[in-house]
Amino acid sequence: LHAWSINERENFWRAIVDSCGIRFSKSYDSVLLDNDKMISAKWFDGGKLNFAEHLLKNNGDQAAIIFKGENGVRTELSFDELRDQVASVAKYLKQAGLKKNDCVAAFLPNCPEAIIAMLACSSMGIIWSSCSPDFGVKGVVERFSQISPKVLFVVDKYFYNGKIINILERVPLILKEIPSIEYVVIVNY
């Protein structure tokens with residue numbers, strides 16, 4: 001297997017794509033261009049796929065996300081629940097007028113809501129950027145003003161080292177500095 005993966009890269013990777021059920025929304029022209037050049041090699045040239053589609057392809061009540069916060073709260077989402085919630089956020093984004101190549105920013109901790117919103121954006125071709133809620137206002141503004149987001153997802157608070165940290169007091173300062181933000185979605189944590 002190792003020798004095949006090195007000596008016949010194109011055949012190997014074509015077999016991987018086929019056996020893993022990877023679906024391209026636009027078929028690739030070639031598996032590998034510039035095979036002999038590591039840095040300039042192009043894989044699946046011309047092809048397009050959406051990784052959110054692949055992450056959401058499973059069905060059923062098995063756990064897709066298991067989360068445990070610092071405050072001890074445990075959340076579990078099944079594949080069906082995850083897909084439904086992603087579809088709900090995508091519907092909201094469409095109703096808000098967002099489309100492919102628009103930008104969304106997230107001031108969220110690593111939580112299920114961050115994954116859901118990111119997958120909704122990715123499924124629509126919306127550019128996603130995020131930062132941790134432990135960023136200060138200056139850091140948030142420096143990061144997000146570069147992309148001119150239309151929507152800001154923000155957590156109301158988060159927990160750190162046994163303390164509750166309020167985030168909502170930072171939102172007016174962020175909105176003042178990033179005028180492109182038209183909508184703010186507050187995630188209750």
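Shown above is the structure to which this text applies.
Within every chain, residues take consecutive numbers counted from 1 along the sequence as written. Residues qualify for local features only when their pLDDT is at least 70, as the model is predicted, and side-chain atom pairs are given and counted only at 80 or more; totals for whole chains, interfaces and linings, by contrast, use all residues. To obtain the side-chain values, all non-hydrogen atoms of the structure were included, while hydrogens and water were left out.

Chemist: Would you mind showing me how to read helix 6 (residues 137–144) here?
Modeler: Since the α-helix turns once every 3.6 residues, residues separated by three or four places project in the same direction. Only protein chains enter the accessibility calculation, which uses a 1.4 Å probe; a residue whose area is less than 20% of its type maximum is buried, one above 50% is exposed, and one in between is partly exposed. The numbering of helices and of strands both runs from the N terminus, where a helix is a DSSP run of H or I of at least 4 residues and a strand a run of E of at least 2. Restricting attention to buried positions, one finds in helix 6 the residues Val 140, Val 141 and Phe 144. For helix 6, the arc enclosing every buried residue in end-on projection is 95°, short of the 170-degree limit, so these residues lie on one face. At its buried positions, helix 6 is contacted by strand 5 (103–107), strand 6 (127–131), strand 7 (151–155) and helix 7 (171–177). The directions from the helix axis to the C-beta atoms are what the arc is built from. Whether two residues are in contact is decided by their heavy atoms, any of which lying within 4.5 Å being enough.

Chemist: Where do I start with the packing of aromatic side chains in this structure?
Modeler: To describe a pair of aromatic rings, you give the distance between the ring centres and the angle between the ring planes. For Phe, Tyr and Trp, rings pair up if their centres lie within 6.5 Å, where Trp contributes its six-membered ring, and each pair is then called stacked (planes under 30 degrees apart), edge-to-face (over 60) or tilted (otherwise). Overall, the coordinates contain ten aromatic pairs when judged by the stated rule. A centroid spacing of 5.3 Å and a plane angle of 85° characterise the contact between Trp 4 and Phe 12, whose relative ring orientation is edge-to-face. Look at Trp 4 and you get partly exposed, because its relative accessible area is 33%. The buried category is assigned to Phe 12, whose relative accessible area is 11%. Summarising the aromatic geometry, the rings of Phe 159 and Tyr 189 are spaced 5.8 Å apart at their centres and angled 40° between planes, so their arrangement reads as tilted. Pair noted here: Phe 159 is in strand 8 (residues 157–160) and Tyr 189 is in the segment after strand 10 (183–187), with a separation of 30 residues, a long-range link. By relative accessible area, Phe 159 is classed as buried at 18%.

Chemist: How do you make sense of the state of the cysteines when you look at a structure like this?
Modeler: Simply put, the disulfide is a covalent bond whose two ends are the sulfur atoms of two cysteines. Note that a disulfide, as used here, is simply two cysteine sulfur atoms within 2.5 Å. Overall, the coordinates contain zero disulfides when judged by the stated rule. As a non-bridged cysteine, Cys 111 has Cys 131 as the owner of its nearest cysteine sulfur, 13 Å distant. Residue Cys 131 is classed as buried on the basis of its relative accessible area of 3%.

Chemist: What's the story with the pattern of salt bridges in this structure? I'm lost.
Modeler: Pairing is possible between side chains of opposite charge, provided their charged atoms come close. Each reported salt bridge corresponds to a side-chain nitrogen of Lys or Arg within 4 Å of a carboxyl oxygen of Asp or Glu. Across all of its chains, the model carries seven salt bridges by this definition. Asp 102 is paired through a salt bridge with Lys 99; the nearest N and O atoms lie 3.8 Å apart. Residues Asp 156 and Lys 157 are paired through a salt bridge, measuring 3.3 Å at the closest nitrogen-oxygen approach. Judged by relative accessible area, which is 27%, Lys 157 ranks as partly exposed. Salt bridges linked by common partners bring Lys 99, Asp 102 and Lys 150 together as one network.

Chemist: How should the environment of Met 124 be read in this particular structure?
Modeler: For Met 124, the location among the structural elements is in helix 5 (residues 112–124). In this structure the C-alpha to C-alpha distance between Met 124 and Ala 90, which are 34 residues apart in sequence, comes to 7.4 Å.

Chemist: What should I look at first to understand the pairing of strand 3 (residues 63–68) in this one?
Modeler: Walk down a regular strand and you will see the side chains alternate between the two sheet faces. Here, strands pair whenever DSSP counts at least two bridges between them. Here five bridges tie strand 3 to strand 4 (residues 74–78), and the two strands are oriented antiparallel to one another. Looking at strand 4, one finds that Ile 66 is bridged to Glu 76. Between strand 3 and strand 4, which follow one another and run antiparallel, lie five residues, and Gly 72 among them has a positive phi close to 90°.

Chemist: So what exactly am I meant to see when it comes to helix 5 here?
Modeler: In a helix, the anticipated span is given by 1.5 Å times the number of residues less one. The end-to-end C-alpha distance of helix 5 is 19 Å, a good match for the 18 Å that 13 residues give at a rise of 1.5 Å each. Those residues of helix 5 lying buried are Pro 112, Ala 114, Ile 116, Ala 117, Met 118, Leu 119, Ala 120, Cys 121, Ser 122 and Met 124. One or two steps after helix 5, the chain reaches Gly 125, where phi turns positive at roughly 80°.

Chemist: Help me understand the packing of helix 4 (residues 79–95) against helix 5, please; the structure alone is not making it clear to me.
Modeler: Each pair of packed helices can be described by the angle between their axes along with the distance between the axes. Where helix 4 meets helix 5, the axes come as close as 8 Å, and the angle between the chain directions of the two elements is 60°. As far as their axial angle goes, helix 5 and helix 4 are oblique. You can see that helix 4 and helix 5 cross each other, and the crossing is right-handed. Contacts from Leu 82, Gln 85, Val 86, Val 89, Ala 90, Leu 93 and Lys 94 in helix 4 reach Ile 116, Ala 117, Leu 119, Ala 120, Cys 121, Ser 123 and Met 124 in helix 5. Note on method: axes are straight lines fitted to C-alpha atoms, helices fitted across the in-contact stretch only, with angles between N-to-C directions ranging 0 to 180 degrees. Angle categories: roughly parallel below 35 degrees, roughly antiparallel above 145, roughly perpendicular from 65 to 115, and oblique for all the rest. Two helices cross in a left-handed way if the nearer one is turned anticlockwise from the farther one by less than a right angle. They cross in a right-handed way if the turn is clockwise.

Chemist: Whenever I open this one, the sheet that holds strand 10 confuses me. Can you help?
Modeler: Neighbouring strands of a sheet are bound in pairs by backbone hydrogen bonds; such pairs are parallel or else antiparallel. Spatially, four strands are ordered 6-5-7-10 in an open sheet, and the strand pairing comes out parallel. Taken across any chain shown, the strands that pair with only one partner, and hence form the sheet edges, are strand 6 and strand 10. Within this sheet the neighbouring strands show an average axis-to-axis angle of 20°, counted without direction. For strand 7 and strand 10, the ladder comprises five bridges, and the chain directions are parallel. Bridge assignment links Val 154 to a residue of strand 10, and that residue is Ile 186.

Honestly, that's just the spatial picture; any functional story needs more than this.
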